[in-house]
Amino acid sequence: MDNTKLVALPCLCADVFFGTDEIRAGGEALNFAAHASKFDEVDVTILGVLGNDEYARHILDSITNKRINTANIRIDERHATAHNITYLSTEGDRYYKDDSWNGEILDNIVLNDKEREIISGADVVFVHIWASCFEEVLELKKKHGFKLAVDFDVFSDYDKMKQLAPFIDFFMISGTEEVLPDFKSMSECNEGLFNVTLAERGSVTYHKGVKYRIPAIPVENVVDTTGCGDSYHAGFVCSYMIDGDITKAMEKGAEFASDTLSHYGGF
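Residues numbered from 1 in each chain as written. Predicted model: local features only at pLDDT ≥ 70, side-chain atom pairs only at ≥ 80, totals over all residues. Heavy atoms only, no water.

Colleague: I'm lost on the environment of Phe-256 in this one. Help?
Modeller: Structurally, the position occupied by Phe-256 is in helix H8 (residues 246-260). Judged by its relative accessible area of 6%, Phe-256 falls in the buried class. On a C-alpha basis, the gap between Phe-256 and Phe-171 in space is 18 Å, while along the polypeptide they are 85 residues apart. Not counting residues within four places of it along the chain, the set of residues in contact with Phe-256 comprises His-35, Lys-38, Phe-39, Ser-231 and Gly-235. (Helix = DSSP H or I, 4+ residues; strand = E, 2+ residues; numbered from the N terminus. Buried < 20%, exposed > 50% of the residue type's maximum accessible area, 1.4 Å probe, protein only. Contact = heavy atoms within 4.5 Å.)

Colleague: Help me out: how do you make sense of the environment of Val-237 in this one?
Modeller: Tracing the sequence through the fold places Val-237 in helix H7 (residues 228-243). For Val-237, a relative accessible area of 0% gives the class buried. Taking the C-alpha atoms as reference, Val-237 lies 9.7 Å from Leu-193; in sequence the two are 44 residues apart. If near-sequence neighbours (up to four positions away) are discounted, Val-237 is found in contact with Phe-32, Val-124, Ala-149, Phe-170 and Met-172.

Colleague: Would you take a moment to explain the packing of H7 against H8 for this structure?
Modeller: Each packed pair of helices is defined by two parameters, the angle between the axes and the distance between the axes. At a closest axis distance of 7 Å, the pairing of H7 and H8 adopts a crossing angle of 150 degrees. Judged on the interaxial angle alone, H8 and H7 are roughly antiparallel. Crossing angle aside, the handedness with which H7 passes H8 is right-handed. Residues Cys-228, Ser-231, Tyr-232, Gly-235, Phe-236, Ser-239, Tyr-240 and Asp-243 of H7 pack against Ile-246, Lys-248, Ala-249, Met-250, Lys-252, Gly-253, Ala-254, Phe-256, Ala-257 and Thr-260 of H8. For the contact of H7 with H8, the per-class residue count stands at 10 nonpolar, five polar and three charged. (Axes fitted to C-alpha atoms, helices over the stretch in contact; angles between N-to-C directions. Parallel < 35°, antiparallel > 145°, perpendicular 65-115°, else oblique. Left-handed = near helix turned anticlockwise from the far one by under 90°. Nonpolar A, V, L, I, M, F, W, Y, C, P; charged D, E, K, R; others polar.)

Colleague: Would you mind showing me how to read the pairing of strand S1 (residues 4-8) here?
Modeller: Counting buried positions along S1 gives four out of five residues, so the element sits mostly inside the fold. Strand direction decides the pairing type here: S1 and strand S11 (residues 124-128), joined by three bridges, are parallel. Each residue of the ladder has a partner; that of Ala-8, found in S11, is Phe-126. (Pairing = 2+ DSSP bridges.)

Colleague: Looking at this structure, I do not really get H7. What am I missing?
Modeller: Residues spaced three or four apart along an α-helix point in a common direction, a consequence of the helix completing one turn every 3.6 residues. Across its 16 residues, H7 extends 23 Å between first and last C-alpha, which sits within 8% of the 22 Å expected from 1.5 Å per residue. Gly-244, located one to two residues past H7, shows a positive phi value of around 70 degrees. (Expected span 1.5 Å × (residues − 1).)

Colleague: Honestly, the side chain of Ser-239 in this entry has me stumped. Any pointers?
Modeller: Secondary-structure assignment places Ser-239 in helix H7. Residue class for Ser-239 comes out buried when judged on its relative accessible area of 3%. Residues within four places of Ser-239 in sequence aside, it is in contact with Phe-39, Ala-234, Gly-244, Lys-248, Ala-249 and Lys-252.

Colleague: Help me out: how do you make sense of the packing of aromatic side chains in this one?
Modeller: Two measures describe an aromatic ring pair: the distance that separates the ring centres and the angle between the ring planes. Tallied over the entire structure, the rule returns 13 aromatic pairs. Relative to Phe-183, the ring of Phe-171 has its centre 5.4 Å away and its plane inclined at 85 degrees; by these criteria the two rings are edge-to-face. With a gap of 12 residues between them, Phe-171 in strand S13 (residues 170-174) and Phe-183 in helix H6 (residues 180-189) connect regions that are remote in the sequence. For the pair Phe-171 and Phe-183, a shared accessibility class is recorded, and that class is buried. Within the aromatic cluster, the residues linked to one another by ring pairs are Trp-130, Phe-152, Phe-155, Phe-171, Phe-183 and Phe-194. (Phe/Tyr/Trp six-rings, centres within 6.5 Å; stacked < 30°, edge-to-face > 60°.)

Colleague: Sorry, what's going on with the pattern of salt bridges here?
Modeller: Where charged atoms from two side chains of opposite charge approach closely, those side chains can pair. Inspection of the entire model under this criterion finds 15 salt bridges. Where Asp-43 meets Arg-67, a salt bridge forms, and the shortest distance between an N and an O atom there is 3.5 Å. Of this pair, Asp-43 sits in strand S4 (residues 42-46) while Arg-67 sits in the loop between helix H2 (54-62) and strand S6 (68-69), placing them 24 residues apart in sequence. With a closest N to O distance of 2.8 Å, Arg-74 and Glu-115 form a salt bridge. Separated by 41 residues along the polypeptide, Arg-74 in strand S7 (residues 74-75) and Glu-115 in helix H3 (residues 113-120) bring together distant segments of the chain. A relative accessible area of 3% means that Glu-115 is categorised as buried. Here the salt bridges do not stand alone but share partners, grouping Asp-113, Arg-116 and Glu-136 into one network. (Salt bridge = Lys/Arg side-chain N within 4 Å of Asp/Glu carboxyl O.)

Colleague: Just checking my understanding: could you explain the nonpolar core for this structure?
Modeller: The tendency in soluble globular proteins is for nonpolar side chains to be buried as a group. Formed by 42 residues in total, the largest nonpolar core has its most connected members in Leu-9, Ile-119 and Phe-152. With four residues, the single largest contributor to this core is helix H4 (residues 134-144). When neighbours within four sequence positions are excluded, Leu-9 is seen to be in contact with Ala-29, Leu-47, Leu-111, Ile-119, Val-125, Phe-126, Val-127, His-128, Cys-133 and Val-137. Within the second largest apolar cluster, 39 residues are counted, among which are Ala-8, Ile-63, Val-124 and Ala-234. (Core = buried A, V, L, I, M, F, W, Y, C linked by side-chain atoms within 4.5 Å.)

What follows is the structure in structure tokens.
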């Protein structure tokens, strides 16, 4: 059986942890790809844009030992590689300040012909709802029919979510118990998996109105929550693509997330 071809795009960035010597490669797409590469049955390609600077070199060095095809990452010397100054509370929760983020290089991305070809030939594509190329990826999904996994983060426009739901195979959000009825309702009208991560309360997935719930795996010493959702999503999507088992996929996501909580950075 052929391996699953997975593409993750477009956010690659450096997480710079204030007050420490820690600089970690990150960004939703890179975190997702790093964890997806743990599956021998999945061939991972990452697309995105880096500058020509130390942050870019740090990012590429961090994944040299991982099974990730980086051959089509763009280099744009006009801008610095995206980077984020990350602050941590005493409990390990991350927070940011108004000037933390420098991500101009990721604004207004237009896919080139090679990127469109790679995406169109994938079995599953992961993208963030706020990615500047999201609409273009969505149009490719409609045309070519690959599975589409979308991280909605804390997106709260329910009307927009209902419009997008028919085209999304893995509809994933970081939410609260209050959003569960809406997700159940969307699942009753659409074919995809509707997944809500609830932090220490575990996660819920709805499929055709049926509810699946698993607990979070306790972590004794939470170091950093950066990338916890991305790692869950990678475990969830890849496991399901391989086995088609919703509960098993959620358990793999929880396993990856618990490991991520125990160290700095997303992987």
